[in-house]
Amino acid sequence: MLAKRIIPCLDVKDGTTVKGVRFVNFRDAGDPVELGAGYSRMGADELVYLDIVASHEGRKTFTELVKRVAANLNIPFTVGGGIHELSDVERLLNAGADKVSVNSAALRRPELIDEIARNFGSQVCVVAIDANREQDGDWICYLNGGRIATERRLFPWAEEAEARGAGEILFTSMTHDGVKNGYANDALATLAERLHIPVIASGGAGQTAHFYDAFTLGKADAALAASVFHFGEIDIRQLKRELRSRGINVRLEDDGERLSD
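Read on for an overview of the structure. All of these numbers come straight from a predicted model, not from anything done at the bench. Within each chain, residues carry numbers counting from 1 in the order of the written sequence. Side-chain atom pairs in this predicted model are given and counted only at pLDDT of 80 or more, local residue features only at pLDDT of at least 70, and totals for whole chains, interfaces and linings cover all residues. With hydrogens and water set aside, each side-chain value is computed from the structure's full complement of heavy atoms.

**Here's the deal with the overall build of the chain**
Working definition: helices are DSSP H or I runs of at least four residues, strands are E runs of at least two. Numbering for both runs from the N terminus. Along its length, the chain carries 10 helices and 14 strands. The globule rule is 2.2 Å times the number of residues to the power 0.38, and the radius of gyration it is compared with is taken over C-alpha atoms. Its C-alpha radius of gyration of 17 Å places the chain within 12% of the 18 Å reference for a compact globule of 261 residues. Along the first, second and third principal axes, the C-alpha atoms of the chain reach 45 × 40 × 35 Å. By residue count, 55% of the 261 residues in the chain fall in the buried class. Pairs of residues are marked as contacts when any of their non-hydrogen atoms sit within 4.5 Å. A fraction of 64% describes how many contacts in the chain between residues 6 or more apart in sequence connect residues 24 or more apart. Throughout, the Shrake-Rupley method with a 1.4 Å probe supplies accessible areas, and for residues the shown protein chains are the sole cover considered. In the form shown here, the chain has an accessible surface area of approximately 11500 Å², with 45% of it arising from carbon and sulfur atoms. Positive and negative side-chain charges in the chain, numbering 31 and 39 respectively, have mean positions lying 1 Å apart. Exposure classes here rest on a 1.4 Å probe applied to the protein chains alone. A residue is buried below 20% of its type maximum, exposed above 50%, and partly exposed in between. Neither His nor the chain termini are counted; the positive set is Lys and Arg, and the negative set is Asp and Glu. For this purpose, a charge sits on NZ of Lys, CZ of Arg, CG of Asp or CD of Glu.

The following block contains the structure:
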């Protein structure tokens, strides 16, 4: 059985890591390179960096940041934000990223997923989905960082993304984001049952038990979180030790030596 992954997520705005609640009310969380290097030392399995204001000038700044991150990390990292065409993917991979995450651009032009998978391999293509549980109980996908509702439903869109060549699905529940009451485990479990590629849980982590639930109830392959790591509420080493003690297969680091089941 593959080890479950713990993935800190760093939303980057104007060169600084920020974190909001339900996609608004952002506050400064620190330097993205320093934070990333710290998470690497703490035993994070991967990182995700998202450029949340990917203007033209922002894209150039972000590319330089990716180069700095690559020079300071020894774990894989995914980058997203402002990726609309293959040249964007090539630029970020050349800067040192291991994977790219596409969201709004893929919803607007699903063929982008096929193109990335065909040219760079499915292992490079992470399709991120921001979805909100509406009053009727249905999960609706949103564009532009949760600002614009679409007619797409979460589960059919995830299945289409897989069919087009996505290597992973990163599902963020807007309903749960930043609230710290736990992940959307029912939706995660449905995704896990309907897909054959890894599912990354995002949105709602507030305590160690929430990660355990995401891996057991939600059947997620990885759990992503931001503020609980950025602001020191959860220590990654302690989190992984507790998960291991409760029977979850996670990679541990002890005195600099990586241990694995």
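**Side note on the packing of helix 8 (residues 208-216) against helix 10 (residues 236-245)**
At a minimum axis distance of 10 Å, the contact between helix 8 and helix 10 shows a crossing angle of 50°. On the basis of their axis angle, the class for helix 8 and helix 10 is oblique. Helix 8 and helix 10 meet at a crossing whose hand is right-handed. Contacts between helix 8 and helix 10 pair Thr208, Phe211, Tyr212 and Phe215 from the former with Leu239, Glu242 and Leu243 from the latter. Convention adopted: a line fitted to C-alpha atoms gives each axis, helices being fitted over their contacting stretch, and angles between N-to-C directions are expressed from 0 to 180 degrees. Orientation categories follow fixed angle ranges, with anything under 35 degrees roughly parallel, anything over 145 roughly antiparallel, 65 to 115 roughly perpendicular, and all other angles oblique. For any pair of crossing helices, the crossing counts as left-handed if the nearer helix is rotated counterclockwise from the farther one by less than a right angle, and right-handed if it is rotated clockwise.

**Remarks on the pairing of strand 10 (residues 168-173)**
Residues in a regular strand project their side chains so that they alternate between the two faces of the sheet. Among the 6 residues in strand 10, 6 count as buried, and that is most of the element. Of the two faces of strand 10, the one carrying Glu168, Leu170 and Thr172 and the one carrying Ile169, Phe171 and Ser173 are both buried. Alignment of strand 7 (residues 125-133) against strand 10, held across 6 bridges, turns out to be parallel. From the neighbouring strand, Val127 faces strand 10, where its bridge partner is Ile169. For two strands to count as paired, DSSP must find a minimum of two bridges between them.

**Considerations on the layout of surface pockets**
Taking a probe equal in size to a water molecule and rolling it over the atoms shows the remaining empty space. The pocket and cavity definitions rest on a 1 Å grid over protein atoms only: a 1.4 Å probe that fits but cannot leave marks a cavity, an open set with protein on both sides within 12 Å along at least five of seven lines marks a pocket, and residues lining either have an atom within 4 Å of a point. Grid points are joined across faces, edges and corners, and a volume is the space filled by probe spheres set on the points. In this model, the second largest pocket occupies a volume close to 190 Å³. Of the residues that constitute the lining of the second largest pocket, the class distribution is 4 nonpolar, no polar and 7 charged. Polarity classes work like this: nonpolar for Ala, Val, Leu, Ile, Met, Phe, Trp, Tyr, Cys and Pro, charged for Asp, Glu, Lys and Arg, and polar for all others, with Gly in that last group.

**Some thoughts on helix 7 (residues 185-194)**
Among all positions of helix 7, only Asn185, Ala187, Leu188, Ala189 and Leu191 are buried. At its buried positions, helix 7 is contacted by strand 8 (139-143), helix 6 (154-164), strand 10, strand 11 (199-202) and helix 8.

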